[in-house]
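Secondary and tertiary structure notes
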Amino acid sequence: MPDQNGPFFEDVDLGDEIGPIELVATDDNVVNFCELWGNPMPNRFTSQEIAEKSGLFGPIVPGVMSMAIMSQALTDWAGPESLKDLDLVFRQPVPHNKPLLVSATITDTREEDGKNLIECDVLMMGEAGERYVGGTAIIALPSNRGQ
Amino acid sequence: MYIDLHSHSVSSDDSRATVEQYVKWVQVLRDKRGCTIDGFVLTEHRKFDFDKDYSQLAAEYNVLIMKASELDTRCGHVLVYGVNEGLAKDIDLGDVKMDARELIKAARHHGAIAVPAHPGRFGIGLVDYMDQGETFADLNIVERLNGGSRAGENERADTLCRDHSYLGTGGSDAHLASHLGTCMTSFPTDIKNERQLVDALLAGDFTPVWLKDIQQNN
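So, here's what we can say about the structure.

Criteria and thresholds
Residues numbered from 1 in each chain as written. Chains lettered and ligands numbered in written order. Predicted model: local features only at pLDDT ≥ 70, side-chain atom pairs only at ≥ 80, totals over all residues. Heavy atoms only, no water. Contact = heavy atoms within 4.5 Å. Buried area = accessible area lost by both parts, 1.4 Å probe. Salt bridge = Lys/Arg side-chain N within 4 Å of Asp/Glu carboxyl O. Helix = DSSP H or I, 4+ residues; strand = E, 2+ residues; numbered from the N terminus. Nonpolar A, V, L, I, M, F, W, Y, C, P; charged D, E, K, R; others polar. Phe/Tyr/Trp six-rings, centres within 6.5 Å; stacked < 30°, edge-to-face > 60°. Buried < 20%, exposed > 50% of the residue type's maximum accessible area, 1.4 Å probe, protein only. Core = buried A, V, L, I, M, F, W, Y, C linked by side-chain atoms within 4.5 Å. Pairing = 2+ DSSP bridges. Axes fitted to C-alpha atoms, helices over the stretch in contact; angles between N-to-C directions.

Quick notes on the interface of chain A and chain B
Of the residues lining the interface, 24 residues belong to chain A; the matching set on chain B comes to 20 residues. Of all residues in chain A, the largest losses of buried area upon contact with chain B belong to A:Arg91, A:Asp121 and A:Arg131, amounting jointly to 30% of the total for that side. Between the two partners, chain A and chain B, sit 5 salt bridges. Breaking the side of chain A that touches chain B down by element, the ones donating at least two residues are β2 (83–90), β3 (99–112), β4 (115–126) and β5 (131–140) of chain A. When the residues that make up the side of chain A that touches chain B are grouped by side-chain class, the tally is 7 nonpolar, 8 polar and 9 charged.

Considering the packing of aromatic side chains
Residue and element names in this part refer to chain B. Under the counting rule described, the total for this entry stands at 5 aromatic pairs over all chains. Arranged with centres 4.6 Å apart and planes meeting at 65 degrees, the rings of Phe48 and Phe50 form a pair that is edge-to-face. Judged by its relative accessible area of 13%, Phe48 falls in the buried class. For Phe50, a relative accessible area of 35% puts it in the partly exposed group.

Quick look at the nonpolar core
In a soluble, globular protein the nonpolar side chains are often hidden away together inside. A:Ile118, A:Val122 and A:Met124 are the most contacted members of the largest nonpolar core, which totals 34 residues. Among the elements of the structure, α1 (27–37), α3 (63–78), β2, β3, β4 and β5 of chain A are those that each provide at least two residues to this core. Look past the residues within four positions of A:Ile118 in its chain and what remains in contact with it is A:Phe9, A:Val12, A:Trp77, A:Ile106, A:Asp108, A:Thr109, A:Ala137, A:Ile138, A:Ile139 and A:Leu141. Listed in part, the 27 residues of the second largest apolar core include B:Phe48, B:Leu87, B:Met130 and B:Tyr166.

Details of the sheet that holds β5(A)
Residues and elements named next belong to chain A. Spatial strand order, β1-β3-β4-β5-β2: 5 strands in an open sheet with antiparallel pairing. Since the sheet does not close on itself, it has two edges, and those belong to β1 (17–24) and β2, each with one partner. Sheet twist, expressed as the mean angle between neighbouring strand axes with direction ignored, is 20 degrees. Bridging between β2 and β5 involves 7 bridges; their strand directions are antiparallel. When the bridges of β5 are listed, Leu86 appears paired with Ala137. Of the strands in this sheet, β1, β2, β3, β4 and β5 touch α3, which is tilted by about 140 degrees from β2.

If you want it as C-alpha cells, here you go:
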C-alpha cells in the first residue's frame, strides 16, 4: 500500500471543509506560468495596456492558472492523482497581487466502481467576498477498511 | 418558516448544483449544523422550468422546493415568483433587455410578483440605475440580503430599503450546493407552494435573515 498522508475515505463527512488556503498570484507568478504554458507575452495576463484594451481593469490570472491553483489546493489535501474531475465556472476576472482564498466543502460521498469518491464544491474568493471561480470536484480517497 | 428565495440549479448555465445535491445539503444544515431551513426556491436564469416536477424529491427529503425565475432587464436582474403560463406568454423570459417596469406590472397582472435581485450590486444593481434617475413607482420589495454579495453591496441594499421604505427578502443566490441557505427569508405563515409564497410576499410580513444568525439563536 502506498504512503498515505492525506485523509482516508472514512475520515471525511458531508459538510467537512478544506481550507481556506490563502495565496497571492503575483505578477512574477503569472509571467512564469505563461512561459511554462507557452502563451506569447505580452498578453492580457501580463500587460496593463493589453488588458485595458480588452476591457479589463488590469492583467488577470489566466483561467487555466486558476484551475491549476484550485487543483493543487485539492491534491495537497488529498494526495497526488486523487483529483478525478474539476468542473469550474469563471464568474469574475481574477486579479494579480491580491489575496485569493481557495476552499472546498464536501457535499457528497459515495462508492462507485470500487472507488471511494467524494464530491466537493470548490471556490476561489477574494478578500471582499468576490466569488471569482466556483465549481465542483470529484476526488478519490483510499479506504482504511481492513487495516 | 425559513425559505431561501434565490438559488440556481444546473438548469441555469452558470450553476453546478443539482436539485438532489441541494436537498442533501439541506440535511447537512439540519442534522450536522443544527440549522432550520424549510425550503428553497429555484430561480433559474432567463427561464421558467414548467416541465420540471420536484414534488417526489421534496417529499422524500421533507423540503419545500418551489420554482421561480431570475430575469435580466435593462435595470438589473429581477426575481419573479409565481410565474405562470400567462406571464410567460406576455413576457419573453429570455429577453435580456426587457423593461423592468413592464415586468413588474406584467407580473402583478398575472398574479406573480417581481423582486429586484441584489440591488446593491456594483455596476449592475438597481441602486446604480436609480442613481441615474430611473424610477419604479410600482416597486415595494427588493432582495435585501444576497449571499453572493461582495462587501458593501448588501449595505447598499439596506440603504435603498430604508430610503424608499421597501420591504426586503433574503436569498443565498447559490450556484453551488454548499451555498444554499446562507441567506433566507423568514415568514410567520405556513407556505406550501408558489401561490402561497406570492400571497405571503404581498402580505408584507417577512424578514431577511442570515443563516449564521439563526444558528446562534437555535
